[in-house]
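Per-entry structural report
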Amino acid sequence: MRSVTVVIPVLDDADQLRACLASLAAQTVPPTEVIVVDNGSSDDSAEVARAAGAVVLHEPVRGIASAASRGYDAASSEVIARVDSDSVLPHDWIARGTAWFADPLVTAVTGPGRFRDLGPVARTVWQVAYMGAYFALMTAALGRPPLFGSNMLMRRSAWLAIRHRVHVDPMVHDDIDLSIQFDPTWRTVLDLGLVASVSSSPVQDPWGLVVRTRKAARTMRVSGMRAFTPARIMRRVLVGTRPVRVVRQADRAPVQQADPASVQEADPRSVQQADPASVQQP
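These notes cover the structure that comes with them.

Criteria and thresholds
Every residue gets a number counted from 1 within its own chain, in the order that chain's sequence is written. The predicted origin of the model limits local features to residues at a pLDDT of at least 70 and limits the giving and counting of side-chain atom pairs to 80 or more, whereas totals for whole chains, interfaces and linings rest on all residues. For side-chain calculations, the full set of non-hydrogen atoms in the structure is used, while hydrogens and water are omitted. Going along the chain from the N terminus, every DSSP run of H or I of four or more residues is numbered as a helix, and every run of E of two or more is numbered as a strand. Throughout, exposure labels follow a simple rule: accessible area from a 1.4 Å probe, protein chains only, divided by the maximum for the residue type, with under 20% read as buried, over 50% as exposed, and the rest as partly exposed. We call two residues in contact whenever any of their non-hydrogen atoms come within 4.5 Å of each other. Only the protein chains shown count as cover for residues, and all accessible areas are computed by the Shrake-Rupley method using a 1.4 Å probe. Definition used for salt bridges: Asp or Glu carboxyl oxygen within 4 Å of a side-chain nitrogen of Lys or Arg. Candidates for patches are residues over 30% relative accessible area with no salt bridge; among them, like charges are joined within 9 Å and nonpolar side chains (Val, Leu, Ile, Met, Phe, Trp, Tyr) within 5 Å. Any two strands with at least two DSSP bridges between them are considered paired. Each nonpolar core is a collection of buried residues, namely Ala, Val, Leu, Ile, Met, Phe, Trp, Tyr and Cys, held together in the definition by side-chain atoms within 4.5 Å. For helices, the axis comes from a line fit to the C-alpha atoms of the stretch in contact; other axes are also lines fit to C-alpha atoms, and the angle between any two N-to-C directions lies between 0 and 180 degrees. Each angle gets one of four labels, with under 35 degrees taken as roughly parallel, over 145 as roughly antiparallel, 65 to 115 as roughly perpendicular, and the rest as oblique. The residue classification treats Ala, Val, Leu, Ile, Met, Phe, Trp, Tyr, Cys and Pro as nonpolar and Asp, Glu, Lys and Arg as charged. All others, Gly included, are polar.

Examining the overall build of the protein chain
- Within the protein chain one finds nine helices and nine strands.
- Buried positions account for 50% of the 282 residues belonging to the protein chain.
- Considering only residue pairs separated by 6 or more positions, the protein chain has 81% of its internal contacts joining residues 24 or more positions apart.
- Of the roughly 12700 Å² of accessible surface on the protein chain, 58% is carried by carbon and sulfur atoms.

Considerations on the pattern of salt bridges
- Taken as a whole, this structure holds 11 salt bridges when the rule is applied.
- Put simply, Glu59 and Arg70 hold a salt bridge, and the shortest N to O gap is 3.8 Å. On the criterion of sequence distance, the pair formed by Glu59 in the loop between strand 3 (55-58) and helix 3 (64-74) and Arg70 in helix 3 is long-range, its members being 11 residues apart.
- The class of Glu59 is buried, set by a relative accessible area of 6%.
- Residue class for Arg70 comes out partly exposed when judged on its relative accessible area of 32%.
- Its salt-bridge partner being Arg82, residue Asp84 comes within 2.7 Å of it at the nearest N-O pair.
- Judged by relative accessible area, which is 17%, Asp84 ranks as buried.
- Classification of Arg82 as buried rests on a relative accessible area of 2%.

With respect to a nonpolar patch on the surface
- A cluster of nonpolar side chains, contributed by Ile233, Met234, Val237, Leu238 and Val239, occupies part of the molecular surface with about 490 Å² of accessible area.
- Tracing the backbone through its elements, the reader meets Val239 in helix 9 (residues 229-239).

Things to note about unusual backbone geometry
- Phi at Asp12 takes a positive value of approximately 50°, unusual for a residue other than glycine.
- As for its position among the elements, Asp12 is in the loop between strand 1 (4-10) and helix 1 (14-25).
- Given the relative accessible area of 37%, Asp12 is considered partly exposed.
- A positive phi is found at Asp117, a non-glycine position, where the angle reads about 65°.
- With respect to the helices, strands and loops of the structure, Asp117 is situated in the loop between strand 6 (113-115) and helix 5 (120-142).

Observations regarding the pairing of strand 7 (residues 152-155)
- Residues Met152 and Met154 of strand 7 are buried on one face, and the alternating residues Leu153 and Arg155, pointing to the opposite face, are buried as well.
- Inspection of the sheet shows strand 4 (residues 79-82) paired to strand 7 by four bridges, in the antiparallel sense. By the bridge assignment, Arg82 is partnered in strand 7 with Met152.
- Pairing analysis gives three bridges linking strand 5 (residues 106-110) to strand 7, with the strands arranged antiparallel. If you follow Ala108 over to strand 7, its bridge partner there is Met154.

Some words on the nonpolar core
- Val6, Ile8, Leu21 and Val36 are the most contacted members of the largest nonpolar core, which totals 44 residues.
- Non-local contacts of Val36, meaning those with residues more than four positions away in its chain, are made with Ile8, Val10, Leu17, Leu21, Ala49, Ala54, Val55, Val56 and Leu57.
- Within the second largest apolar cluster, 23 residues are counted, among which are Val37, Ala67, Ala75 and Ile162.

Description of the packing of helix 5 against helix 8 (residues 206-222)
- For the pair helix 5 and helix 8, the least separation of the axes is 13 Å and the interaxial angle reads 5°. Considering their axes alone, helix 5 and helix 8 lie roughly parallel with respect to each other. Contacts from Trp126, Tyr130, Met138 and Ala141 in helix 5 reach Leu209, Arg212 and Met220 in helix 8.
- For the contact of helix 5 with helix 8, the per-class residue count stands at six nonpolar, no polar and one charged.

As structure tokens, this is what we get:
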């Protein structure tokens with residue numbers, strides 16, 4: 001059985017984190033370690049994580065990308081799993097997810113989220129309009145399924161291979177960015193049976209939906225040619241599917257973190273977009 005580190009970024013979400021950690025504790029195959037990256041919580045998120053036996057790291061630079069990257073760097077297992085603090089996982093989530101890695105050509109595995117706290121009609125509508133649209137549109141753009149940050153597992157070797165070129169811009173979707181930075185010849189599996197229960201709050205915030213759409217566009221833009229669909233598809237056609245080349249951690253420069261003093265805590269509507277020319281290109 002492969003070792004698994006589960007990374008959970010958190011910011012002021014103690015109650016949902018408690019449920020997430022309980023679902024991990026109930027796994028038929030337990031994780032090797034759980035790393036909770038506190039991104040500056042003012043509630044008791046860190047205490048909840050410690051009480052559940054998780055390793056707690058603190059990331060001062062605000063943004064899921066910075067927090068998640070800190071957790072990935074600290075992970076020591078063969079497989080790095082990533083969920084959000086609002087993810088509640090079925091008992092066989094780790095067992096089912098890790099089984100895919102018996103195939104050496106599988107680099108990552110992801111699955112959809114199922115919104116909770118919605119009525120049956122609203123849940124059905126949003127599963128199609130939000131979750132279904134995400135996978136359909138991003139699969140078309142990338143030429144393969146994208147990762148979904150609330151429900152994903154990847155080989156640690158893949159993270160070590162691309163960590164030097166991920167973007168830690170808080171206005172970038174970290175899961176889309178990872179999907180883009182993965183080599184087009186690596187295989188990502190979309191397992192529709194690997195389902196995580198997730199909070200419905202993202203689809204109940206109209207402005208939040210606008211911000212998420214803008215972030216998706218920005219993520220594609222700052223990634224440059226790596227996000228150019230025809231080139232990605234052509235590479236897959238010409239090269240085929242390949243396993244991840246093993247890269248030692250010492251061979252890669254660390255992820256460049258933003259200066260904490262330059263990250264403003266503000267309403268997303270007031271965040272100024274950075275000049276794309278100033279963003280580190282892959």
